[in-house]
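Examining the three-dimensional arrangement
These are the residues of each chain, in order.
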Amino acid sequence: KDKKGDIKTLFENAHRYYMQHEKFVSLKLKSFFYRITYVVFRQLDHKSYKEEETAREIYKAMIYLDDNYMSKVTTEELAAMCNLSAATFRRYFKEYNNTSPLKYKNHLRMLHAQDMLRSGFYTASEVSQLVGCSDLSHFNKLYRSEFGANPSDEIPTFD
């Protein structure tokens, strides 16, 4: 994209020199070609750098969520950590993860819940509290939507 019109101006100037058929026009046209190439690559490099920087920020938020999946961190707080607005953060997070920050956090909670349940040391009610879901029915609903089974079904029975 040539928002400032720099590339268009360079092309117009190159065309003007070409149409004048002056001496050494081929050298002047090569100069325009190199300037156009430089401007295009500079814009691409800047865009690539911004995308990498945004990806790093989103990755930081993902690591924070991995380490703090039980906390009541909001999307706005995560966005502030990444120096992005909440709307921009949500858009980039979904772009990089194919899910929203809240769904990602719930996914992490349910993975940890599944591990705890399968250990056989905890009841579904205890696990619900440990992963930060104070409402057992909400926990059951999240767990069923994640794994297609009830949390109590995961608890091993020892005969």
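Residues numbered from 1 in each chain as written. Predicted model: local features only at pLDDT ≥ 70, side-chain atom pairs only at ≥ 80, totals over all residues. Heavy atoms only, no water.

Turning our eyes to something else, we now look at the side chain of Asn97. Within the secondary structure, Asn97 is located in helix H4 (residues 86-97). Residue class for Asn97 comes out buried when judged on its relative accessible area of 19%. (Helix = DSSP H or I, 4+ residues; strand = E, 2+ residues; numbered from the N terminus. Buried < 20%, exposed > 50% of the residue type's maximum accessible area, 1.4 Å probe, protein only.)

Packed helix pairs are specified by the crossing angle of their axes together with the interaxial distance, meaning the distance between the axes. Remark: helix H5 (residues 101-119) packs on helix H7 (residues 136-147), axes separated minimally by 10 Å, with the N-to-C direction vectors making an angle of 90°. If you check the angle between H5 and H7, you find them roughly perpendicular. From H5, Asn106, His107, Met110, Leu111, Ala113, Gln114 and Leu117 reach across to H7, where they touch Phe139, Leu142, Tyr143, Glu146 and Phe147. Residues belonging to the contact of H5 with H7 are distributed by class as follows: eight nonpolar, three polar and one charged. (Axes fitted to C-alpha atoms, helices over the stretch in contact; angles between N-to-C directions. Parallel < 35°, antiparallel > 145°, perpendicular 65-115°, else oblique. Contact = heavy atoms within 4.5 Å. Nonpolar A, V, L, I, M, F, W, Y, C, P; charged D, E, K, R; others polar.)

Once their charged atoms are close, side chains differing in charge can pair, the charge on each being opposite to the other. As enumerated under the stated definition, the model contains four salt bridges in all. A salt bridge links Glu57 to Lys60, with the nearest nitrogen and oxygen atoms 3.1 Å apart. Here Glu57 pairs with Lys60, and both are found in helix H2 (residues 25-67), just three residues apart, close to one helical turn. With a relative accessible area of 48%, Lys60 lands in the partly exposed category. Where Glu76 meets Arg90, a salt bridge forms, and the shortest distance between an N and an O atom there is 3.1 Å. Within this pair, whereas Glu76 is found in helix H3 (residues 75-81), its partner Arg90 is found in helix H4, the two being separated by 14 residues in sequence. (Salt bridge = Lys/Arg side-chain N within 4 Å of Asp/Glu carboxyl O.)

Below, the discussion takes up the packing of aromatic side chains. Enumeration over the complete set of coordinates arrives at five aromatic pairs. Look at Tyr143 and Phe147: their rings are 4.8 Å apart centre to centre, the planes differ by 55°, and that puts the pair in the tilted class. Pair noted here: Tyr143 and Phe147 are both in helix H7, with a separation of four residues, about one helical turn. A relative accessible area of 0% means that Tyr143 is categorised as buried. Put simply, the rings of Phe89, Phe93 and Tyr104 pair up and form one aromatic cluster. (Phe/Tyr/Trp six-rings, centres within 6.5 Å; stacked < 30°, edge-to-face > 60°.)

Turning our attention to helix H1 (residues 6-20). Taking 1.5 Å of rise per residue, 15 residues should cover 21 Å, and H1 covers 22 Å from first to last C-alpha, within 8% of that figure. Buried within H1 we find Ile7, Leu10 and Ala14. All buried residues of H1 fall inside an arc of 60° around its axis, so they share one side. Just downstream of H1, His21 is the residue with a positive phi angle, here 55°. (Expected span 1.5 Å × (residues − 1). Arc of directions from axis to C-beta.)

With that settled, consider the confidence of the model for the protein. Do not read the fine detail of predicted coordinates wherever pLDDT is low. Looking at the protein, pLDDT values average 84 and 92% of them are 70 or higher. Averaged pLDDT values for the elements of the protein fall to 77 in H2 and rise to 93 in H7. (pLDDT = per-residue confidence, 0-100.)

This brings us to unusual backbone geometry. Even without being a glycine, Asn83 presents a positive backbone phi close to 60°. Note that Asn83 resides in the loop between H3 and H4. Look at Asn83 and you get exposed, because its relative accessible area is 66%. Here the phi dihedral of Asn98 falls at roughly 60°; this positive angle occurs in a residue that is not glycine. Of note, Asn98 is situated in the loop between H4 and H5. For Asn98, a relative accessible area of 67% gives the class exposed.

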